[in-house]
Amino acid sequence: VVTPGELVTSEVVWMRGHGMYSVGNKTYSSVVGTISRVNKLLSVSALRGRYVPEVGDHVVGRIVDVGPRNWRVDIGAKQAAVLMLGSVNLPGGVQRRKSDTDELNMRMFLKEGDLLNAEVQAIFTDGAASLHTRSLNYGKLRNGYFIAIPSSLVVRSKAHVYEMPGGVDILFGVNGYIWIRKHTISSAGEQGVPITRLAEEAGWEIYSDENEYVSAGIRETIARYAGSIRALEFCEVAMNETRICKAYEASLAYKSAGELLDNKIKRHIAEQALS
């Protein structure tokens, strides 16, 4: 690990990459991070910084602008991501053509401020991400609570949607944006219908702004999970499903979720999560 101003190399054979600057023949780090080398190129990858999207990443984002046939989505990267009209499920079937009427009604599907989860489909040449929600696993988010942590604290795994104890689901975006919601049973599992068939028959309800009833008990559980995640963030503990579950179990020793705001309690919860 190197710190800002620390000498990285004084040899002229190395090319300077991002996270570095030169003074004469000497190259120094400009950020706190780790040194990476690709052939003759040296760079410093910051321990904390903006999320860098990769194809296949599961992300949670917020709509910040509605443009011509696309939405701009904040995913915590250097640039807003793009969600094209052709990359979402629309009422009437996933396979149908997107018409001019659909373009006029874009704010009826997703508008500024709406939260959604999506998958990174491609990376443009300028580094911006192209998203898609062409699955009922993705789409508009409701019935929950949003929380943001540094993306460097997210442990990458094959699955980023966790069904947690207490009747709560956690949608973990690789970008550090997290959605904690009341557990929902997949309608595909209830009816035995393939999820691709359900996507084709998707109706307006997938874009509804109305939240379902969330009981006081579930709200308390959501608050405890949020407090547990904040405790792990406070102690800079990398997070995965197991650690969050342990942190939540440790939080049950306290009467209310409000007690989890105390820094001493945060440290105790983080210790329990790592044990």
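Structure's up top.
Residues numbered from 1 in each chain as written. Predicted model: local features only at pLDDT ≥ 70, side-chain atom pairs only at ≥ 80, totals over all residues. Heavy atoms only, no water.

1. Re the pattern of salt bridges
Logical step 1: On inspection of all chains with the given rule, the structure shows 11 salt bridges.
Logical step 2: D114 is the salt-bridge partner of K140, the closest N and O atoms lying 3.3 Å from each other. Highlighted residues: K140 in strand 12 (residues 139-140) and D114 in the loop between helix 2 (106-109) and strand 10 (115-123), separated in sequence by 26 residues. By the burial criterion, K140 is buried, and D114 matches it.
Logical step 3: Close ionic contact of E212 with K182 constitutes a salt bridge, the shortest N to O distance being 3.1 Å. Separated by 30 residues along the polypeptide, E212 in the loop between helix 4 (195-200) and helix 5 (216-234) and K182 in strand 16 (residues 177-182) bring together distant segments of the chain.
Logical step 4: For E212, a relative accessible area of 38% gives the class partly exposed.
Logical step 5: Here the salt bridges share partners, and the residues they tie into one network are K111, D114, K140 and D209. (Salt bridge = Lys/Arg side-chain N within 4 Å of Asp/Glu carboxyl O. Helix = DSSP H or I, 4+ residues; strand = E, 2+ residues; numbered from the N terminus. Buried < 20%, exposed > 50% of the residue type's maximum accessible area, 1.4 Å probe, protein only.)

2. A word on the sheet that holds strand 5 (residues 33-38)
Logical step 1: Spatially, the three strands line up as an open sheet ordered 2-6-5, and their pairing is mixed. Single-partner strands in this sheet number two, and they are strand 2 (15-16) and strand 5.
Logical step 2: Bridge count between strand 2 and strand 6 (residues 41-46): two bridges; the pairing is parallel. Opposite M15, over in strand 6, you have L41 as the bridge partner. (Pairing = 2+ DSSP bridges.)

3. Thoughts on unusual backbone geometry
Logical step 1: Located in the positive-phi region is R69, a residue other than glycine, with phi close to 65 degrees.
Logical step 2: Structurally, R69 can be placed in the loop between strand 7 (58-67) and strand 8 (70-74).
Logical step 3: For R69, a relative accessible area of 30% puts it in the partly exposed group.
Logical step 4: We note that N143 has phi near 60 degrees; this positive angle belongs to a residue other than glycine.
Logical step 5: With respect to the helices and strands, the residue N143 is situated in the loop between strand 12 and strand 13 (144-148).

4. A closer look at the packing of helix 5 against helix 6 (residues 241-251)
How two helices sit against one another is set out by the angle between their axes and by the gap between those axes.
Logical step 1: Packing of helix 5 against helix 6 brings their axes to within 9 Å, and their N-to-C directions diverge by 115 degrees. As far as their axial angle goes, helix 6 and helix 5 are roughly perpendicular. Seen from above, helix 5 lies across helix 6 with right-handed handedness. The residues of helix 6 that touch helix 5, namely those facing T221, R224, Y225, S228, I229 and L232, are R243, I244, A247, Y248 and S251.
Logical step 2: A class-by-class count of the residues in the contact of helix 5 with helix 6 yields six nonpolar, three polar and two charged. (Axes fitted to C-alpha atoms, helices over the stretch in contact; angles between N-to-C directions. Parallel < 35°, antiparallel > 145°, perpendicular 65-115°, else oblique. Left-handed = near helix turned anticlockwise from the far one by under 90°. Contact = heavy atoms within 4.5 Å. Nonpolar A, V, L, I, M, F, W, Y, C, P; charged D, E, K, R; others polar.)

5. Some points on a nonpolar patch on the surface
Logical step 1: Nonpolar side chains collect at one region of the surface, where V1, V32 and L47 lie side by side and expose about 270 Å² of accessible area between them.
Logical step 2: Note that V32 resides in the loop between strand 4 (26-29) and strand 5.
Logical step 3: Take V32: its relative accessible area is 38%, and that puts it in the partly exposed class. (Patch = residues over 30% accessible without salt bridge, like charges linked within 9 Å, V, L, I, M, F, W, Y side chains within 5 Å. Areas by Shrake-Rupley, 256 points an atom, 1.4 Å probe, with all protein chains shown as cover.)

Shape descriptors only; they carry no functional weight alone.
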